[in-house]
Amino acid sequence: FAAALAGDHAALLRKVEADGLAGYGACAIGPLPDFDPGAALAGDRDHRFVAAPDWGGQVFQTGPLARRWTETAALRERFGSGLLAHLQARLDELETLVPAMRRLAQGLEHDGGVLVPEGGGTGLGVVEAARGRLYHRIEIERGRIARYQILAPTEWNFHPRGPLAEGLKGADPGPARLLVAALDPCVACEVATHA
């Protein structure tokens with residue numbers, strides 16, 4: 001798979017494959033389906049759902065691999081959903097990102113819209129960010145923000161039953177930093193092993 005590519009990206013993928021790390025961190029966790037977490041977030045007064053989300057009792061992964069699940073089918077069939085699949089999906093997205101941003105930016109204009117409406121209401125924003133699907137939920141009462149919640153991709157991918165935890169079960173901890181970087185926690189982190 002990596003042999004057909006050129007440049008630094010190909011070198012990285014070839015090294016991962018040559019070092020026997022292609023399947024490192026593979027697990028059976030599938031991509032996050034489209035769903036509306038509005039009700040789960042509204043009822044999440046103790047922040048347990050945001051801290052460790054699941055949908056129907058199941059944990060999912062989100063991010064480049066989840067978005068490119070179909071395109072990586074042959075790669076995942078050969079190596080599983082491990083390091084090589086995560087890196088390939090991320091690199092594929094990087095190659096298409098700049099042209100896509102140029103297309104989206106054409107014709108953009110500032111509309112001078114109101115940021116916080118008068119009165120009250122609830123809103124839910126969903127975006128596929130670089131690290132995965134990101135949800136922001138807001139409740140407005142009497143023109144003021146009464147409650148604001150964020151369900152970030154990190155909560156899925158670094159969930160206690162998520163792709164990082166499942167992928168590292170029984171694995172050599174040495175290359176764990178690579179898997180953490182591929183999943184991208186968006187915060188500084190350190191990998192430590194405990195006996």
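No experiment lies behind these values; they were computed from the predicted model shown.

Undergrad: What is the right way to read the sheet that holds strand β3 (residues 144-151) from this model?
TA: Either a parallel or an antiparallel arrangement is found when strands of a sheet pair, and the pairing is made through backbone hydrogen bonds. Taking strand neighbours across the sheet as the criterion, the three strands line up as β1-β2-β3 in an open arrangement whose pairing is antiparallel. Taken across any chain shown, the strands that pair with only one partner, and hence form the sheet edges, are β1 (121-129) and β3. Taken over all neighbouring pairs, the strand axes of this sheet differ in orientation by 15° on average, direction set aside. Sheet topology note: the β1/strand β2 (residues 132-141) ladder contains nine bridges and is antiparallel. Counted as the bridge partner of Gly121 is Ile140 from β2.

Undergrad: Please explain a nonpolar patch on the surface as it appears in this structure.
TA: A surface patch of nonpolar side chains, amounting to about 290 Å² of accessible area, comprises Leu94, Leu97 and Met101. Judged by its relative accessible area of 47%, Leu94 is partly exposed.

Undergrad: Help me out: how do you make sense of the pattern of salt bridges in this one?
TA: Should their charged atoms come close, side chains of opposite charge can pair. All chains considered together, the criterion is met by twelve salt bridges. For the salt bridge of Glu139 with Arg137, the shortest nitrogen-to-oxygen distance reads 2.6 Å. Of the two residues examined, Glu139 and Arg137, each falls in the buried class. The salt bridge partner of Lys169 is Glu166, with a shortest N-O separation of 3.0 Å.

Undergrad: Would you mind showing me how to read the side chain of His159 here?
TA: Mapped onto the secondary structure, His159 falls in the loop between α7 (153-157) and α8 (163-168). What makes His159 buried here is its relative accessible area of 4%. Engagement of the side chain of His159 in a polar contact is seen with the backbone oxygen of Pro53, the distance being 3.2 Å. Within polar-contact distance, the side chain of His159 engages the backbone nitrogen of Arg161 at 2.8 Å. Apart from residues lying up to four places away in sequence, His159 is in contact with Ala52, Pro53, Val59, Thr154 and Ala165.

What counts and how
- Residues numbered from 1 in each chain as written.
- Predicted model: local features only at pLDDT ≥ 70, side-chain atom pairs only at ≥ 80, totals over all residues.
- Heavy atoms only, no water.
- Pairing = 2+ DSSP bridges.
- Helix = DSSP H or I, 4+ residues; strand = E, 2+ residues; numbered from the N terminus.
- Axes fitted to C-alpha atoms, helices over the stretch in contact; angles between N-to-C directions.
- Patch = residues over 30% accessible without salt bridge, like charges linked within 9 Å, V, L, I, M, F, W, Y side chains within 5 Å.
- Areas by Shrake-Rupley, 256 points an atom, 1.4 Å probe, with all protein chains shown as cover.
- Salt bridge = Lys/Arg side-chain N within 4 Å of Asp/Glu carboxyl O.
- Buried < 20%, exposed > 50% of the residue type's maximum accessible area, 1.4 Å probe, protein only.
- Polar contact = N/O pair within 3.5 Å; in protein donor to acceptor, adjacent residues only side chain to side chain.
- Contact = heavy atoms within 4.5 Å.

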